[in-house]
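Each chain is listed here by its residues.
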Amino acid sequence: MGEQESISYNNYFERLQLLLDSQKITLDQFNHFRSRGIKIINPLQDFGLESLGRVLPQITIGASDNFIRRMKIPYQATSFLVANTKADSSGWYVYKIPEQPKGGLLLLSGGKRRMGDNIFASTHRIILGRKAILVSAVNLMANKNNIWNWHFFGDHLKQEKESLYNDLLKLEDIMKREDNEESSDNRTGPYYYIVIARSESTFKKLEVVDHYLQNKIAVLNPENQIHVIFVTNDSGYEFASKRIEESSLVSYIATGENFDLYDGMQNLKQEYGIDLILNDGGRIMSEGIRREGLLGEERMSLEPFPGEDIFPEKKYIDPTTVAGSPGLGLDGGEVEGTLLLHSIKVDNEKLNVYIYPLKEQKVL
């Protein structure tokens, strides 16, 4: 699926047929993507958001509402900012620079937060992360002072792009209203922050309890009114729940003697009614979920080459930092194992949505 400025349901299904005819996808993949469908949001036409609509005329989601309702587990999406390592854009796209603090995120984007990624990340969190954000315990502690909601990105637009920022506020209100209409008790469900902490040793190694008792973890600060769900095994539950006690804002899912991610995901859907999750757990965790066939899509801001000072011609590129390269996708896109659903340019950034095949025997 090549880069395009707009997408319709018809041209999406036509492209699937072309990929099948050219044997780039299998019949099973074709049938899966066709039955799964997509959702297209037009900010201007659907919601009257003019400023947002000019930058992002369409926001795509890699599954229809009906498919997401049918799933036994939440529909999961992740997002990354990546930069090309070569001036002609023929190199790897990397998502971090290992020797730099916070992975060198600002260096990847040329030393500042770019408008396209700020908008892309904000809309991703408002739409796909409005019910739940999933993190690893490692990421929770690495960012313990922050709440990674859309304001973490969108507030960068406040001064220079006020009309865009105001449209993001309106989009958030629209999503909340839609959730209210779907809810039988006419209220928006709590904002869930799901933390994967596989075992007792995870809690101990990261000193989660100590930092909690010192009120150093923002999402566990009661004043922020965030409902945190720890997904762990029995030993993790026994250890942590005695110290971080269950309450209206803290819950646990214990998946048995051994940690079982799939069981935890089913529980999130059945017990908490969570049907959408933004996976903010980092590359290692999202890759593990993808291998299980449980990750639906990835939204990626492709930044241009940030300069010779960041990536000199002879610089060694650590393969563990690579997110993609042209030609790796099922359709020739950048991300291995994906189809490029939609791509749009904002200045010199490409904002891409890739979709992964889901294992239907697990998710339906």
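Residues numbered from 1 in each chain as written. Predicted model: local features only at pLDDT ≥ 70, side-chain atom pairs only at ≥ 80, totals over all residues. Heavy atoms only, no water.

Student: So what about the overall build of the protein chain? Which residues, and what values?
Tutor: When helices and strands are tallied, the protein chain shows 16 helices and 13 strands. C-alpha atoms of the protein chain, sized along the principal axes, occupy 55 × 50 × 40 Å. For the protein chain, the computed accessible surface area is about 16,700 Å², with 46% contributed by carbon and sulfur atoms. One finds the centroid of the 42 positive side-chain charges in the protein chain at a distance of 1 Å from the centroid of its 51 negative side-chain charges. (Helix = DSSP H or I, 4+ residues; strand = E, 2+ residues; numbered from the N terminus. Areas by Shrake-Rupley, 256 points an atom, 1.4 Å probe, with all protein chains shown as cover. Lys, Arg positive; Asp, Glu negative; His and termini not counted. Charge placed at Lys NZ, Arg CZ, Asp CG, Glu CD.)

Student: Describe the side chain of Asp275, and please don't skip the residues or the numbers.
Tutor: Residue placement: Asp275 occurs in the loop between helix H14 (261–272) and strand E9 (276–279). Not counting chain neighbours up to four residues away, the residues in contact with Asp275 comprise Ile68, Pro74, Tyr75, Lys131 and Lys269. (Contact = heavy atoms within 4.5 Å.)

Student: Pulling in residues and values, what's your account of the nonpolar core?
Tutor: Core analysis: the largest hydrophobic core is formed by 77 residues, its most contacted members being Tyr75 and Ile127. At six residues, helix H10 (residues 162–182) tops the list of elements feeding residues into this core. When residues no more than four places from it in sequence are discounted, the contact partners of Tyr75 are Arg36, Ile61, Gly62, Ala63, Ile68, Leu128, Asp275, Leu276, Ile277, Gly296, Glu297 and Leu358. Membership of the second largest hydrophobic core comes to 27 residues, among which are Met141, Tyr193, Val228 and Leu278. (Core = buried A, V, L, I, M, F, W, Y, C linked by side-chain atoms within 4.5 Å. Buried < 20%, exposed > 50% of the residue type's maximum accessible area, 1.4 Å probe, protein only.)

Student: Explain the side chain of His211 to me, and be specific about the residues and the numbers.
Tutor: Looking at where His211 falls in the secondary structure, it is placed in helix H12 (residues 208–213). Judged by relative accessible area, which is 17%, His211 ranks as buried.

Student: How would you summarise the environment of Gly103 if you had to cite specific residues and measurements?
Tutor: Take Gly103: it is sitting in the loop between strand E4 (93–94) and helix H6 (105–108). For the pair Gly103 and Thr321, spaced 218 residues apart in sequence, the C-alpha to C-alpha distance is 9.4 Å. Not counting residues up to four positions away in its chain, the partners in contact with Gly103 are Lys96, Ile97 and Leu108.

Student: Any chance you could break down the environment of Pro326 for me, citing the residues and the numbers?
Tutor: Assignment of secondary structure puts Pro326 in the loop between strand E11 (322–324) and strand E12 (339–346). In this structure Pro326 comes out as partly exposed when scored by relative accessible area, which is 44%. Each C-alpha atom, one on Pro326 and one on Ser89, is 8.8 Å from the other, the two residues being 237 residues apart in sequence. What Pro326 contacts, discounting residues up to four positions off in sequence, is Ser89, Gly91, Tyr93, Gly332, Gly333 and Glu334.

Student: How would you sum up the packing of helix H1 (residues 9–21) against helix H2 (residues 27–36)? Please name residues and give values.
Tutor: Closest axis-to-axis distance for the H1/H2 pair is 10 Å, and the angle between their directions is 175°. Judged on the interaxial angle alone, H2 and H1 are roughly antiparallel. Contacts between H1 and H2 involve Tyr12, Phe13, Leu16, Gln17 and Leu20 on the former and, on the latter, Leu27, Phe30, Phe33 and Arg34. Taken together, the residues that form the contact of H1 with H2 break down as seven nonpolar, one polar and one charged. (Axes fitted to C-alpha atoms, helices over the stretch in contact; angles between N-to-C directions. Parallel < 35°, antiparallel > 145°, perpendicular 65-115°, else oblique. Nonpolar A, V, L, I, M, F, W, Y, C, P; charged D, E, K, R; others polar.)

Student: Explain helix H15 (residues 283–291) to me, using residue names and the numbers behind them.
Tutor: Restricting attention to buried positions, one finds in H15 the residues Arg283, Met285, Ser286 and Ile289. Down the axis of H15, the buried set is contained in an arc of 165°. They therefore lie on one face. In this structure, H15 carries Ile284 and Arg291 as exposed residues pointing more than 90 degrees from its buried face. The positive-phi residue at the C-terminal boundary of H15 is Gly293, with phi of around 80°. (Arc of directions from axis to C-beta.)

Student: Break down the packing of aromatic side chains for me, with residues and values.
Tutor: In this structure the tally under the stated criterion is eight aromatic pairs. Between Trp150 and Tyr165, the aromatic rings sit 5.7 Å apart at their centres with planes inclined by 45°, giving tilted as the arrangement. In this pair, Trp150 is assigned in the loop between helix H8 (137–142) and helix H9 (151–154) and Tyr165 in helix H10, connecting sequence segments 15 residues apart. Plain terms: the ring middles of Tyr237 and Tyr252 are 5.4 Å apart, the flat faces sit at 75° to each other, and that makes the pair edge-to-face. With Tyr237 in helix H13 (residues 234–240) and Tyr252 in strand E8 (residues 250–254), this residue pair connects regions lying 15 residues apart in the sequence. The class for Tyr237 is partly exposed, based on a relative accessible area of 25%. (Phe/Tyr/Trp six-rings, centres within 6.5 Å; stacked < 30°, edge-to-face > 60°.)

Student: Run through the pairing of strand E3 (residues 75–84), naming residues and quoting values.
Tutor: Counted residue by residue, E3 has 10 buried out of 10 residues, so it is predominantly covered. Side chains Tyr75, Ala77, Ser79, Leu81 and Ala83 project from E3 onto one buried face, and the interleaved Gln76, Thr78, Phe80, Val82 and Asn84 project onto a second face that is buried too. As paired strands, E3 and E9 are joined by four bridges and run parallel to one another. Residue pairing in the sheet places Ala77 in a bridge with Leu278 of E9. Taken together, the seven bridges between E3 and strand E10 (residues 297–303) define a ladder with parallel strand orientation. In the sheet register, Ser79 faces E10, and the bridge partner there is Arg299. Here E3 pairs with E4 via two bridges, running antiparallel. (Pairing = 2+ DSSP bridges.)

Student: Can you tell me about the confidence of the model for the protein chain, naming the residues and giving the values?
Tutor: On average, the protein chain scores 92 in pLDDT, and the residues at 70 or more come to 96%. In this model, residues 184–189 is a region of pLDDT below 50 whose contacts with residues beyond four sequence positions or in other chains number five contacts. (pLDDT = per-residue confidence, 0-100.)

Student: Go over unusual backbone geometry, please, and point to the residues and values.
Tutor: Positioned with a positive phi, Ser89 is a non-glycine residue whose angle comes to about 65°. Relative to the elements of secondary structure, Ser89 occurs in the loop between E3 and E4. Of the residues examined, Ser89 reaches a relative accessible area of 35% and is grouped as partly exposed. Its identity as a non-glycine residue notwithstanding, Asn215 has a phi of 55°, on the positive side. Position of Asn215 among the secondary structure elements: in the loop between H12 and strand E7 (227–232). Residue Asn215 is classed as partly exposed on the basis of its relative accessible area of 44%.

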